[in-house]
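Report on the structure
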Amino acid sequence: MTMKTVFQKTKGLTDKPTHYCPGCTHGVIHRLVGEVLEEMDILEDTIGVASVGCSVLSYEYFNCDMTQAAHGRAPAVATGVKRVLPDRFVFTYQGDGDLASIGISEIIHAAARGEKITVIFVNNAIYGMTGGQMAPTTLIGQKTATTPFGRDASVQGSPIRVCEMLSTLDSTAYIERVSTHDVQHIQKAKKAIRKAFEAQKLGLGFSMIEVLSTCPTNWGLDPNESLDWVKDNMVPVYPLGVYKNKME
Amino acid sequence: MTMKTVFQKTKGLTDKPTHYCPGCTHGVIHRLVGEVLEEMDILEDTIGVASVGCSVLSYEYFNCDMTQAAHGRAPAVATGVKRVLPDRFVFTYQGDGDLASIGISEIIHAAARGEKITVIFVNNAIYGMTGGQMAPTTLIGQKTATTPFGRDASVQGSPIRVCEMLSTLDSTAYIERVSTHDVQHIQKAKKAIRKAFEAQKLGLGFSMIEVLSTCPTNWGLDPNESLDWVKDNMVPVYPLGVYKNKME
Amino acid sequence: MGKVLMKGNEVIAEAAVHAGCKYFFGYPITPQSELVAYMARRLPEVGGVFLQAESEIAAINMVYGAAGTGARVMTSSSSPGFSLKQEGISYLVGSELPAVICNIVRGGPGLGNIQPAQSDYFQVTKGGGHGDYFLPVLAPSSLQEIVDLTQDAFNIADRYRTPVILMGDGMLGQMMEPVEFLDPKSEELPEKNWATTGTRGDGGPKIITSLELDADGLEQRNKHLQEKIVEMKKNEVRYEMYKTDDADYIIVAFGTVARIAMNAINKARQDGVKVGMIRPISLWPFPEKPFVETRDRVKSYISVEMSAGQMIEDVRLAVNGHAPVDFFGRNGGVVPSQEEIYHKIMAVAGGIEV
Amino acid sequence: MGKVLMKGNEVIAEAAVHAGCKYFFGYPITPQSELVAYMARRLPEVGGVFLQAESEIAAINMVYGAAGTGARVMTSSSSPGFSLKQEGISYLVGSELPAVICNIVRGGPGLGNIQPAQSDYFQVTKGGGHGDYFLPVLAPSSLQEIVDLTQDAFNIADRYRTPVILMGDGMLGQMMEPVEFLDPKSEELPEKNWATTGTRGDGGPKIITSLELDADGLEQRNKHLQEKIVEMKKNEVRYEMYKTDDADYIIVAFGTVARIAMNAINKARQDGVKVGMIRPISLWPFPEKPFVETRDRVKSYISVEMSAGQMIEDVRLAVNGHAPVDFFGRNGGVVPSQEEIYHKIMAVAGGIEV
Amino acid sequence: MLEEIIIAGFGGQGVMSMGQLITYAGMLEGKGVSWLPSYGPEQRGGTANCAVVVSDEPVGSPLVTRPTTAIVLNNPSFDKFESHVKAGGLLIINTSLVARKSLRTDITIIEIDATALANELGNTRIANMILLGAFLEYSKVVSEDSVIESLKKVLGPSKHHLIDVNKRALAKGASLIGVETN
Amino acid sequence: MLEEIIIAGFGGQGVMSMGQLITYAGMLEGKGVSWLPSYGPEQRGGTANCAVVVSDEPVGSPLVTRPTTAIVLNNPSFDKFESHVKAGGLLIINTSLVARKSLRTDITIIEIDATALANELGNTRIANMILLGAFLEYSKVVSEDSVIESLKKVLGPSKHHLIDVNKRALAKGASLIGVETN
Amino acid sequence: MEKKVVFNEEICKSCSLCVEVCPTNVIFLADYLNGKGYRPAAVIDQENCISCAKCGQICPDTVITVFRPVKKEQMV
Amino acid sequence: MEKKVVFNEEICKSCSLCVEVCPTNVIFLADYLNGKGYRPAAVIDQENCISCAKCGQICPDTVITVFRPVKKEQMV
Ligand SMILES: Cc1ncc(C[n+]2csc(CCOP(=O)(O)OP(=O)(O)O)c2C)c(N)n1
Ligand SMILES: Cc1ncc(C[n+]2csc(CCOP(=O)(O)OP(=O)(O)O)c2C)c(N)n1
Ligand code: SF4
Ligand code: SF4
Ligand code: SF4
Ligand code: SF4
Ligand code: SF4
Ligand code: SF4
Ligand SMILES: [Mg+2]
Ligand SMILES: [Mg+2]
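Overview of the structure. Note that the coordinates shown come from a computational prediction; the quantities given were computed from them, not determined experimentally.

Rules behind the numbers
Residues numbered from 1 in each chain as written. Chains lettered and ligands numbered in written order. Predicted model: local features only at pLDDT ≥ 70, side-chain atom pairs only at ≥ 80, totals over all residues. Heavy atoms only, no water. Helix = DSSP H or I, 4+ residues; strand = E, 2+ residues; numbered from the N terminus. Rg over C-alpha atoms; globule rule 2.2 N^0.38 Å. Buried < 20%, exposed > 50% of the residue type's maximum accessible area, 1.4 Å probe, protein only. Contact = heavy atoms within 4.5 Å. Areas by Shrake-Rupley, 256 points an atom, 1.4 Å probe, with all protein chains shown as cover. Lys, Arg positive; Asp, Glu negative; His and termini not counted. Charge placed at Lys NZ, Arg CZ, Asp CG, Glu CD. Buried area = accessible area lost by both parts, 1.4 Å probe. Salt bridge = Lys/Arg side-chain N within 4 Å of Asp/Glu carboxyl O. Polar contact = N/O pair within 3.5 Å; in protein donor to acceptor, adjacent residues only side chain to side chain. Axes fitted to C-alpha atoms, helices over the stretch in contact; angles between N-to-C directions. Parallel < 35°, antiparallel > 145°, perpendicular 65-115°, else oblique. Left-handed = near helix turned anticlockwise from the far one by under 90°. Nonpolar A, V, L, I, M, F, W, Y, C, P; charged D, E, K, R; others polar. Donors = N, O, S within 2.8 Å, 3.2 Å for Na, K, Ca; no water. Near = heavy atom within 4 Å. Least-squares fit on C-alpha atoms with pLDDT ≥ 70 in both. Pairing = 2+ DSSP bridges. Phe/Tyr/Trp six-rings, centres within 6.5 Å; stacked < 30°, edge-to-face > 60°. 1 Å grid on protein atoms, 1.4 Å probe; cavity = no way out; pocket = protein on both sides within 12 Å on 5 of 7 lines; lining within 4 Å. Points joined across faces, edges and corners; volume = space filled by probe spheres on them.

To continue, consider the overall build of chain C. Broken down by element type, chain C carries 13 helices and 15 strands. A compact globule built from 354 residues should have a C-alpha radius of gyration of about 20 Å, and chain C, at 21 Å, falls within 12% of that. A principal-axis box enclosing the C-alpha atoms of chain C has dimensions of 70 × 50 × 40 Å. Here chain C holds 354 residues, and the buried ones make up 73% of them. Contacts spanning at least 24 positions in sequence make up 78% of the contacts within chain C whose residues lie at least 6 apart. As displayed, chain C offers around 9900 Å² of accessible surface, 50% of which is attributable to carbon and sulfur atoms.

Given below as structure tokens:
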């Protein structure tokens, strides 16, 4: 009796250990993107754009050409790359502060232009890297460094639902929201990411996958509690599902 | 037999002649806003924020305190004013390049925060002041200085419909799209503007009126042809109507 | 209230509150995020408003709006975020709006890192924004000095209707020292009859704008701005001289670097080298007097900076060829140690190889 | 192709195309909009891409992305828009990406107006962005010179992996003159083996970044940037001297102002005043040699600018106290006339009251 | 030879193209030329003007503050530029829209009722060409032929049918010189 | 007196609060004090450290490059700071997590198996206080009382029940001095 | 007889919007220019103006004032 | 007997996600620290591992490799 490998690290990622906090699902999402790039065999034809956030160093983890964009500007940088290299695959990896706060203009206009890029949008309802400040995606009542008394809709307004907003734009091709709070949803998330890159391959237009993710460190929860928090608190506010699909 | 005045210039506007081109409906929209402020008797309690565009000099035309904001930033400036003076009325007057292009971030976040301000959004499908370049609202096929061969969806993407997009945000209170292409619609437009300021008065949240407007100079049409162009080409792409109403 | 132990970033925030600042609009960035977090907790207590803006650009423009109402308002950021504020700062200057803007400098260029630096010296002192302007820049070197200068910053802003920059580095923002908040000396300040608060009661409409389409008109406005610059150069120069009376060599350093240099100076003096220091506290207006007074008797100046050499240009302009100006700097987030500075001094003094 | 009559803004665009620039990302702003419009029409003809960005910030970051692929790319704007590009420019420097950025300066600060000005001199030469850097700034004074300098700008950008700024004023952008587009002299340029175009064929993953969390690491990078600065200061200084050999007085002026000054100089010489001109063509690296050569024999220098006085600091640094440096400037969009410059010359020369 | 010309009038009166034609013609004749438009605020609604320099040498300053010739097509332009004209210089006035009279005695003044004459030729829009014709005839800065040449280039094949009427306008203008001069 | 102290270890080991307690105590005793944390990259995952200066005069540089005392709680910290300690200075090593031995002969070295001792006291998380106790006993930089005072301020009423165990930890640490010194 | 519709000629830009909108076609552009170089809109045939104010509603430049004849009692 | 589940201990951050997700509860955290100061996850009871790879799926740090025993013929 011998052994068959049923699970191992993807070639889509380098061997560099990540700097992420214990249990942070950024690592899981990295793995999914890496696996998709490997399985589609497009690692060599892909340019990734890292944003500013905890995932800024993702350019050391993804095993393809990478460029690092200013805070919020990844979609503009990706546009520059894709317009010069229309036959390459271009993706951005952005947090919710990066994409939904300072970068909302760049993401909307990239979507409105129908840029043929794929956006991996990691929504953990907080600014992780800078120490847990409010994000536009922070839930009502959620305590953060800048909402010490909990987010109050009458003062800080309500969470922005990016998938819903971008779906109003004609030039978007594939938009789906997924989660990482358990193995089953993680597998779903991977399928969605695959679809987004397929849409890019078909040149259908702009594709984005919003992935609900954890921030144990700034949520003040342990990694397993964090998964539950996503399930119990985030999913109700950010319904999972496909918001735009031009592939059918 | 004596005479009764049935129509005269509103006190909401100063006596300064405008610099607008002949037949430009910016002038009409100014009049409507001025009349609403006068009729609500809030001229003395209002601070207006002029944006950068042909209407930049509107601060010389509106008969209330005015401040001039950097290109696209009027909603942020208005936020600063309103947060210090919550009991005053604050409005911005912005073109489509100002609001929908460089300023899309400021408008979305002001709306998401539910800032209790009123936005007058003048959509003329072009950059008027700088000589007729493409705006995010430029129609498919429309020739402009920067789309000399007509806007091509596959290159420049599709028009952004701002009302539809902002309506996805929970903190918006009143959003309506109106037009100025004939007297009847002009009167409707005035009613809408009034509603928006009423919403602000009630502190219901963010209110915006998108007004379809002309740019005879850069459209290369005479003023009357321009009104028809709004009716025949813009209205179909930008459906008129109420998109959000928390007043009922 | 006696001495308390606080982080520099928190001291700036509390000092602003003491100065009557009730409005803060900012966006998080290391190494100044504690300032933002402190304001979020503190301002509601004094009936003020803290608002996290969606970006540095939104923040500076919210400041523009709030300042236009006559309120005391502040924002803060660090290098990359500060670059994004340049258009807004230029607008504040053009519209003559008072505000205090804090830059806790980190390593650059680009994303760089979050370690302490002074490499935004040019950006803050030479008008990082477009158009003809200078604006006051204050650089505290201790947490207690932050308290005083923050107060001054708001007063200068109101007196001259200008934005004022408080510049520190990551080290100043992160360190803890005992500080005491003494009640500010009240000052005579001009009434803000230009503020746009609605016309009720106060007569006709007011306009806040930096636009002047007519060239001659804009030149007239700029003339007014230039006159204010002359005034500020006359009244708002701040600096400290340390052991310069008998000095053969003078170190020029500001902020935390000046503190480190002080240790090095004392060590060097123990070894018999007559070295002193000019510490610019206002980076603009840059103190020229102490140089004019010393430049014909010192052997040379040494500009010590946490940058590749920026303030040295102002030092050279002030010295104007009367004496050599040497440079020692570390950058990219590296903080010069007292040992290195000491060695630099000895090298310059005795030509020792280092 | 012989001489053609074109607007300055169009000449910049066509010159860029001749230099092999196939990608342009920009946002409209007066007085440079003709450049954007020209590119919109022209680039598709050469199989390139013109894209109107949603903002200046998006534009400079699109340039960042395109430059990262190794393509020749350009953006352009005017003062307020240029301020918004500061973070992006700092990133380009930090990531060592070549690009050409054009600033057709208008009156400031703030919204100011759209008339010609040179008041962004500080912003373009002293690192308007954060962090330690300088980058080449070229200032043509005629439409024919635009053709040559645009070509140079792209070559310098590629040779040193740096953004390069082309600076003009509204007058230069709007005026028409005959120009001729001669085919550029081909140059030996380093291969762009750092470009991120996908790893197929070219081995392992490449990374473009300006982040270096480790302070010592970032200081090392900055050391490399500083070495390039030294190289550029050695190789890329450009200037013109006009009738300086026998000059008692030397005017320092660049861009269109230099042309106006030239008329004034000739008039003054007819009246027997020996006056000449140093015209910096590279504003950075600023030409020091012509000053070192002349500073001990001229009676004084006059910096003539369309600003309240900015280049004068570089002039004073170059003269370093060897001779007085006088100033004449108009600003806010006012263009100095040859008559006023002439009077300034006579005043300085003969102490005539003006 | 150094001619520094300012042409000013309302937006629609074709002052910019008058200037461009002279510039273009100068270029064809190998002269040093430059054309500088007023732009921005003045334009919309208000008056527009351009400065043209024609010289035997390369042009120094494209900016004209003391013109050797000013051609003014409306009142505001007259008010703005009449006093600027160099002593010994030339001022051409379009009397159709300029009510005022110049009292200057140190310059040559040519008054032309351009609109009326243009109507006689059956096309109001060529009033500017009549003024140009007069100017060329008087100053000889560039030849009429070069201007026609330039016109062809500027108009492009599609509009060549307009050349003839423009020619007649230039000729009409030229015919006035020596007559109305005072 | 000028004490320049560096305390370094893993994120969770409480090195920052050790430093703050000394600083706070120094302030209470009217001394010149400063506390400077390492921040940023090192922190997440990696090791954290802080520099504390206690002096009879106002503090000059808050930056410590050549510490008079280094307290290292893990291997990376030992590797980084052992060599920095000034000759004649003090190095306190938490042997629970530091495998290596210092070969320096020009400084005093105190080795403490803090985790083990903490467990004896029934609370692993107070290992840092044991090390602190030893340092205070040895150096007398600030009094134990002031530290307890500071502790009360820092913890706040809600956590005063923790004071006692911390006291015992400090005492435990103090008790080791003179014993394990070599 | 008093005028029903009055034009502030100097600020008219002769855009013709009022001319087009007037149901009784009483508005026309004068054959002279105002100070801004525009042919101002004008009404001579005041009788046939029905005071509908459509012209005022559409005029972008607040050039127009409209009056309606009323009997005395109506006034009160 | 060969291992079914292998942990790359040095890069484990002892987040316990794998411990929680394992259906057979064979994963536990070791009582020693790795170079990063974390207690690495480990499996001693390899028999009871059912090679479901859930641990690998949830591990954020690609610490885990999972094997399944197969009969020779299956291999081909
Ligand atoms: C211009 C600019 N502003 C602010 C920052 C500071 N900053 C770095 S990351 C970040 C937010 C990151 O949050 P998010 O995008 O949600 O990513 P996460 O860390 O949560 O994964 C901020 C504000 C910066 N680096 N640059
Ligand atoms: C930062 C900045 N970028 C660009 C400009 C130039 N600019 C002035 S107005 C304008 C667009 C105006 O278009 P819109 O908002 O649609 O107003 P409109 O003139 O059409 O009414 C632009 C790009 C500027 N003034 N500032
Ligand atoms: S801070 Fe939050 S988001 Fe960032 S790595 Fe840690 S857990 Fe993940
Ligand atoms: S350019 Fe267009 S928008 Fe601007 S004033 Fe003229 S017509 Fe109106
Ligand atoms: S609408 Fe107004 S501006 Fe237009 S022509 Fe009539 S009166 Fe004149
Ligand atoms: S009021 Fe009515 S009828 Fe009278 S002029 Fe105006 S539009 Fe014509
Ligand atoms: S999930 Fe991975 S990192 Fe977390 S404990 Fe298990 S093996 Fe270690
Ligand atoms: S493979 Fe399945 S059973 Fe085996 S250790 Fe992992 S989770 Fe547990
Ligand atoms: Mg986040
Ligand atoms: Mg518009």
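The next subject is the overall build of chain E. Summing up its helical and strand segments, chain E has six helices and six strands in all. The order of α-helices and β-strands along chain E, N terminus first, is β-α-β-β-β-α-β-β-α-α-α-α. Here the C-alpha radius of gyration of chain E, 15 Å, is about what a compact globule of 182 residues would show, namely 16 Å. Looking at chain E residue by residue over its 182 residues, the buried ones come to 58%. Long-range contacts, defined as pairs at least 24 residues apart, comprise 54% of the intrachain contacts of chain E with a sequence gap of at least 6. Of the accessible surface of chain E, which amounts to about 7200 Å², a share of 53% is contributed by carbon and sulfur atoms. Taken together, the 16 basic and 18 acidic charged side chains of chain E have centroids lying 5 Å from each other.

Below, the discussion takes up the interface of chain C and chain D. Interface size, as often reported, equals the accessible area lost upon joining of the parts. Counting residues at the interface gives 59 residues for chain C and 59 residues for chain D. Each partner contributes to the roughly 4800 Å² buried at the junction of chain C and chain D, and carbon and sulfur atoms together form 54% of this total. Here C:Glu313 makes a salt bridge to D:Lys126, at a shortest N to O gap of 2.8 Å. Applying the counting criterion to the chain C and chain D interface returns 38 residue pairs in polar contact (both at pLDDT 80 or more). Sorting the residues of the side of chain C that touches chain D by element identifies helix H4 (79–84), helix H5 (86–94), helix H6 (121–125), helix H9 (215–235) and helix H12 (311–319) of chain C as the ones contributing at least two each. In terms of residue count, H9(C) provides more of the side of chain C that touches chain D than any other element does, seven residues in total.

This part takes up the packing of helix H4 (residues 127–139) of chain F against helix H6 (residues 161–176) of chain F. Residues and elements named next belong to chain F. Across the interface, H4 lies against H6 with an axial gap of 6 Å and an inter-helix angle of 50°. Relative to H6, the element H4 lies oblique. For the element pair H4 and H6, the recorded crossing hand is right-handed. Taken together, the residues of H6 that come into contact with H4 (itself represented by Met129, Ile130, Leu132, Gly133, Ala134, Leu136 and Glu137) are Asn166, Ala169, Leu170, Gly173, Ala174 and Leu176. Here the contact of H4 with H6 is composed, by residue class, of nine nonpolar, three polar and one charged.

Now for the pattern of salt bridges. Across all of its chains, the model carries 112 salt bridges over all chains by this definition. For B:Glu35, the salt bridge identified is with B:Lys190, shortest N-O distance 3.0 Å. Pair noted here: B:Glu35 is in helix H1 (residues 26–39) and B:Lys190 is in helix H7 (residues 183–201), with a separation of 155 residues, a long-range link. For the salt bridge of D:Asp314 with D:Lys126, the shortest nitrogen-to-oxygen distance reads 2.6 Å. In this pair, D:Asp314 is assigned in helix H12 (residues 311–319) and D:Lys126 in the loop between helix H6 (121–125) and strand E6 (137–138), connecting sequence segments 188 residues apart. Each member of the pair, D:Asp314 together with D:Lys126, is buried. The structure contains a network of salt bridges with shared partners spanning A:Arg161, A:Glu164, A:Arg177, A:Glu210 and B:Asp170.

This part covers the packing of helix H10 (residues 255–270) of chain C against helix H13 (residues 338–350) of chain C. All names here are of chain C. One can describe the packing of H10 onto H13 by two numbers: an axis separation of 8 Å at closest approach and a directional angle of 50°. Considered as vectors, H10 and H13 are oriented oblique to each other. Of the two elements, H10 crosses H13, and the hand of that crossing is right-handed. Residues Ile260, Ala261, Asn263, Ala264, Ile265, Lys267 and Ala268 of H10 pack against Gln338, Ile341, Tyr342, Ile345 and Met346 of H13.

Bringing the coordination of the magnesium ion (ligand 10) into the picture now. Residue and element names in this part refer to chain B. Protein coordination at the magnesium ion (ligand 10) comes from Asp96 (OD), Asn124 (OD1) and Ile126 (O), with a distance range of 2.0 to 2.2 Å. Taken in chain order, the donor set of the magnesium ion (ligand 10) reads D-x27-N-x1-I. With respect to burial, Asn124 and Ile126 carry one shared label: buried.

This paragraph deals with the interface of chain E and chain D. Opposite the 21 residues of chain E that make contact, chain D presents 24 residues. Across the chain E/chain D interface, buried area totals approximately 1700 Å², and carbon plus sulfur atoms make up 69% of it. The interface formed by chain E and chain D includes zero salt bridges. Where chain E meets chain D, there are five residue pairs in polar contact (both at pLDDT 80 or more). Residue contributions to the side of chain E that touches chain D peak at five residues, all from strand E2 (residues 32–37) of chain E. Class assignment for the residues of the side of chain E that touches chain D results in 11 nonpolar, seven polar and three charged.

For the rest of this paragraph, the subject is the site of ligand 4. Looking at ligand 4, there are 12 residues lining it, with B:Cys21, B:Cys24, B:Cys54, B:Cys215 and B:Asn218 nearest. The residue inventory of the shell around ligand 4, partitioned by class, reads six nonpolar, five polar and one charged.

Here E:Val64 lies in the loop between strand E3 (47–55) and strand E4 (69–72). In contact with E:Val64, other than residues within four places in its own chain, are E:Glu4, E:Ile5, E:Ile6, E:Ala51, E:Val52 and E:Val53.

Moving on: the site of ligand 8. By nearness alone, every residue bordering ligand 8 is listed as H:Cys22, H:Pro23, H:Thr24, H:Val26, H:Ile27, H:Cys49, H:Ile50, H:Ser51, H:Cys52, H:Ala53, H:Cys55 and H:Val66. Of the residues belonging to the shell around ligand 8, the class tally is 10 nonpolar, two polar and no charged.

The next point concerns the relation of the copies chain C and chain D. For the pair chain C and chain D, the relating rotation is 180°, the translation along its axis is 0.0 Å, and the fit reaches an RMSD of 0.0 Å. Such a combination of turn and shift is consistent with a two-fold rotation axis. In terms of proximity to the rotation axis, the leading residue of chain C is C:Gly128, whose C-alpha is 2.1 Å off the axis. Here 100% of the contact residues of chain C are again contact residues in chain D; the copies associate through an equivalent surface.

A word on the sheet that holds strand E14 (residues 300–305) of chain C. All names here are of chain C. Reading across the sheet, the five strands line up as E10-E12-E11-E14-E15 and stay open at both edges, with mixed pairing between neighbours. The open sheet has two edge strands with one neighbour each: strand E10 (239–242) and strand E15 (325–329). Within this sheet the neighbouring strands show an average axis-to-axis angle of 20°, counted without direction. Bridge count for E14 against E15 is five bridges, and the pairing is parallel. Considered in E15, the bridge of Ser303 is made with Phe327.

What follows is about the packing of aromatic side chains. Residue and element names in this part refer to chain B. The tally for this structure, following the rule as stated, stands at 26 aromatic pairs over all chains. Centroid distance Trp219 to Trp229: 4.4 Å. Interplanar angle 50°. Geometry classified as tilted. In this pair, Trp219 is assigned in helix H8 (residues 216–219) and Trp229 in helix H9 (residues 223–237), connecting sequence segments 10 residues apart. Just as Trp219 is buried, Trp229 falls in that class too.

One pass over the structure, following the stated rule, counts 17 cavities of 30 Å³ or more. In this model, the largest cavity occupies a volume close to 150 Å³. Elements with a contribution of two residues or more to the lining of the largest cavity: helix H4 (104–113) of chain A together with strand E3 (49–52) of chain D. Of the residues assigned to the lining of the largest cavity, the class counts are eight nonpolar, five polar and three charged. Each pocket or cavity is described by its volume, and for the second largest cavity that value is around 130 Å³. A:Met134, A:Pro136, B:His109, B:Arg113 and C:Gln52 are the residues nearest the centre of the second largest cavity, which is lined by 14 residues in total. Each residue belonging to the lining of the second largest cavity can be placed in one class, and the counts come to six nonpolar, five polar and three charged.

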